[in-house]
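Residues per chain, in single letters:
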Amino acid sequence: MNDTKLADAVKIGLTEACDSLSTVHLDMPASEIMARGDEARRRRRMGALAGSGGLAAVAVAVGLALPAGHPAASHPAAGHPAAGPGARLAAWTVTRQAEGTIQITMFGDLRDPAALQRALRADGVPASVTFIGQQNPACRVIPGPVLNGKPQRPAALDRVVPVPPHKVPKPAHEKVTSQDVIDMVIRPSALPSGDGLQIAVMRGIPQGPAGPWPYPKGSGDPVSEVSLVAASPQCTGTGFTGT
Amino acid sequence: MEKDRREFEEFYAAARDHCLHVVLLSVGDRHLADDLVAEAFTRAWASWRKVRGHPAPRAWVVRTALNTHVSWWRRRRREVTLGSQDDAVAAGQHPGLDSSLVTALRRLPARQREVIVLRLLLDLDTATTAKTLGIPSGTVASHLHRGLAALRRDIPALDYQERIR
């Protein structure tokens, strides 16, 4: 059989195999794809402006800005309830929204990541919260794809943390600007079964004029990082397997 | 900008499932294919003005997804311990994923697989395949020939199927 006939046979075979997948659909809405693309484009532009090669490369960074006006919390009120209408702590709030998402807002220098971790777990989010560089060694990060040698955020992570932080609506009761806070929305229902979140926040976020999101000006380092991890008692606590 | 958004939304609605099916055939893992195709469409939107002028935007998306997979796999081989079950092929649910032809396709070297996918599954001509992959037309023909020869060796039944048609 010559190449043309063989190509025809292969084409028919592959087309039939493709047709057998007619019930398989890509579920991600266009709006989410475009939001991610907008974010990538914005990071690329900022990368060009800042002249920092690392800026666009670290796609796992989710976080925001320098605290320009909010003093660091010296005594995080870890005893405050995390559920309900919104637990306002000295440095951060965790608020469960009506649609089931969890909003974290950090107003300044996070001093007690364990308290934030407890609040998230109390709200049903299997999470490990630490400072950057001190991530729990028991946590196994689930890597995303790599494009042109650069790590990309896993699509599943974008479903769990669906809105770019700079687009998170600010709490109505807080008079803050987007330059002052780290905002993050978590959709626990989108967590793949058996997965959890690892959130790492920079210790001692430097004071000063706000730099480009999500990196302190000139440093090239993210203020916070979010990763998907395999949930385990040692990493994210127990009792949650996703819904 | 609004026109761009509408165009992309229409393209995404029309092409997303087809691109997913093609990539799924090539990589064999549903969740990975989801991630790769979503990432490729994200990049398509981030570079939409370039992609919409491409002679075959679907092929651009598929090639980007498959390139991402190659990079992901190289990195993963270094980072993940042996014995991981993450790559479980979603066979059984979709018998087409487990056919001898699809299995043989996945065993081809990446470039031969890309050429066969673009030329035969997406029905691109040689020139467009060459432009999409950034290689000369002669190289496309060469990869196609080698890929088909490998499939013929792997699946002698292909000759038989062609004879009985």
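These numbers come from a predicted model, not from an experiment.

Focus on the overall build of chain A
Scanning chain A from N- to C-terminus turns up six helices and nine strands. Across the 243 residues in chain A, those meeting the buried criterion constitute 41%. For chain A, restricting intrachain contacts to residue pairs at least 6 apart in sequence, the fraction spanning at least 24 positions comes to 70%.

Side note on the overall build of chain B
Regarding its fold elements, chain B presents nine helices and zero strands. Secondary structure of chain B in N-to-C order comes out as α-α-α-α-α-α-α-α-α. For chain B, buried positions account for 42% of its 165 residues.

Looking at the environment of Pro 126 of chain A
All names here are of chain A. The residue Pro 126 is located in the loop between helix 4 (113-122) and strand 4 (127-131) in this model. With 26 C-beta atoms counted inside 10 Å, the residue Pro 126 sits in the buried group. For Pro 126 and Val 229, which are 103 residues apart along the polypeptide, the C-alpha to C-alpha distance reads 9.5 Å.

Side note on helix 2 (residues 30-46) of chain B
End to end, helix 2 of chain B covers 24 Å across 17 residues, agreeing with the expected 24 Å (1.5 Å per residue, within 8%). The buried fraction of helix 2 of chain B is high, at 15 of 17 residues.

Quick word on the interface of chain A and chain B
On the chain B side, the residues contacting the 37 residues of chain A number 46 residues. Breaking the side of chain A that touches chain B down by element, the ones donating at least two residues are helix 1 (3-19), helix 2 (30-50), strand 5 (146-147) and helix 5 (155-160) of chain A. Looking at the side of chain A that touches chain B element by element, the count peaks at 13 residues for helix 1 of chain A.

A word on the confidence of the model for chain A
All names here are of chain A. Of all residues in chain A, 56% attain a pLDDT of 70 or more, and the chain-wide mean is 66. The secondary-structure element of chain A with the lowest mean pLDDT is helix 3 (residues 53-57), recorded at 30, while helix 1 shows the highest, at 90. When the criterion is pLDDT under 50, residues 206-222 qualifies, and its contacts beyond four places in sequence or with other chains add up to 40 contacts. Within the model, the stretch residues 239-243 combines pLDDT values under 50 with eleven contacts to residues more than four positions away or in other chains.

Brief notes about the nonpolar core
Among the nonpolar cores identified, the biggest contains 55 residues, and Val 10 of chain A together with Val 23, Val 37, Phe 41, Val 62 and Ala 65 of chain B are the most heavily contacted of them. Built from parts of two domains, this core gets at least three residues from each of domain 1 (1-94) and domain 2 (99-165) of chain B. In this structure, Val 23 of chain B is in contact with Ala 33, Leu 36, Val 37, Val 62, Ala 65 and Leu 66 of chain B, ignoring residues within four places of it in sequence.

Here's the deal with the environment of Phe 11 of chain B
Residues and elements named next belong to chain B. Within the secondary structure layout, Phe 11 lies in helix 1 (residues 2-27). What makes Phe 11 buried here is the crowd of 20 C-beta atoms within 10 Å. Spatially, the C-alpha atom of Phe 11 lies 9.1 Å from that of Arg 52, the residues being 41 residues apart in sequence.

As for the pairing of strand 8 (residues 195-201) of chain A
Residues and elements named next belong to chain A. A large share of strand 8 lies buried, amounting to seven of its seven residues. Residue alternation in strand 8 divides its side chains into two sets, Asp 195, Leu 197, Ile 199 and Val 201 and Gly 196, Gln 198 and Ala 200, and both sets are buried. As defined by bridge partners, strand 4 adjoins strand 8 across five bridges and the pair is classed as parallel. Note on strand 8: the bridge partner recorded for Ala 127 is Leu 197.

So, unusual backbone geometry
Most of the time, phi is negative for any residue but glycine, and the peptide bond is trans. Unusually for a residue other than glycine, Asp 123 of chain B sits at a positive phi of about 60°. With respect to the helices, strands and loops of the structure, Asp 123 of chain B is situated in the loop between helix 6 (110-121) and helix 7 (126-133).

Concerning the packing of helix 7 of chain B against helix 8 (residues 137-154) of chain B
Two quantities define a packed helix pair, namely the angle between the axes and the distance from one axis to the other. Residues and elements named next belong to chain B. One can describe the packing of helix 7 onto helix 8 by two numbers: an axis separation of 8 Å at closest approach and a directional angle of 100°. Judged by the angle between their axes, helix 7 and helix 8 are roughly perpendicular. Counting all contacts with helix 7, which are made through Thr 126, Ala 127, Thr 129 and Ala 130, the residues of helix 8 involved are Ser 137, Val 140 and Ala 141. Of the residues that constitute the contact of helix 7 with helix 8, the class distribution is four nonpolar, three polar and no charged.

Comments concerning the packing of helix 1 of chain B against helix 2 of chain B
Residue and element names in this part refer to chain B. Here helix 1 crosses helix 2 at 140°, and the two axes come no closer than 9 Å. Here helix 1 runs over helix 2; the crossing is right-handed. Within the contact between the two elements, helix 1 uses Phe 8, Tyr 12, Arg 16, Cys 19, Leu 20, Val 23, Leu 24 and Val 27 and helix 2 uses Arg 30, Leu 32, Ala 33, Leu 36, Val 37, Phe 41 and Trp 45. For the contact of helix 1 with helix 2, the per-class residue count stands at 13 nonpolar, no polar and two charged.

A look at the confidence of the model for chain B
Residues shown with low pLDDT carry predicted positions that ought not to be read at fine detail. Residues and elements named next belong to chain B. Summing up the model confidence of chain B, the mean pLDDT is 82 and the portion of residues at 70 or higher is 77%. Averaged pLDDT values over the elements of chain B bottom out at 58 in helix 9 (residues 157-164) and peak at 94 in helix 1. pLDDT under 50 marks residues 74-92. Its contacts with residues more than four places away, or in other chains, come to 13 contacts. Here the prediction assigns the complex a pTM of 0.51, and the interface score ipTM is 0.82.

Cut-offs used in this document
Residues numbered from 1 in each chain as written. Chains lettered and ligands numbered in written order. Predicted model: local features only at pLDDT ≥ 70, side-chain atom pairs only at ≥ 80, totals over all residues. Helix = DSSP H or I, 4+ residues; strand = E, 2+ residues; numbered from the N terminus. Buried ≥ 20, exposed ≤ 12 C-beta atoms within 10 Å, placed from the backbone. Contact = placed C-beta atoms within 7 Å. Expected span 1.5 Å × (residues − 1). pLDDT = per-residue confidence, 0-100. Core = buried A, V, L, I, M, F, W, Y, C linked by C-beta atoms within 7 Å. Domains from an automatic or database assignment. Pairing = 2+ DSSP bridges. Axes fitted to C-alpha atoms, helices over the stretch in contact; angles between N-to-C directions. Parallel < 35°, antiparallel > 145°, perpendicular 65-115°, else oblique. Nonpolar A, V, L, I, M, F, W, Y, C, P; charged D, E, K, R; others polar. Left-handed = near helix turned anticlockwise from the far one by under 90°.

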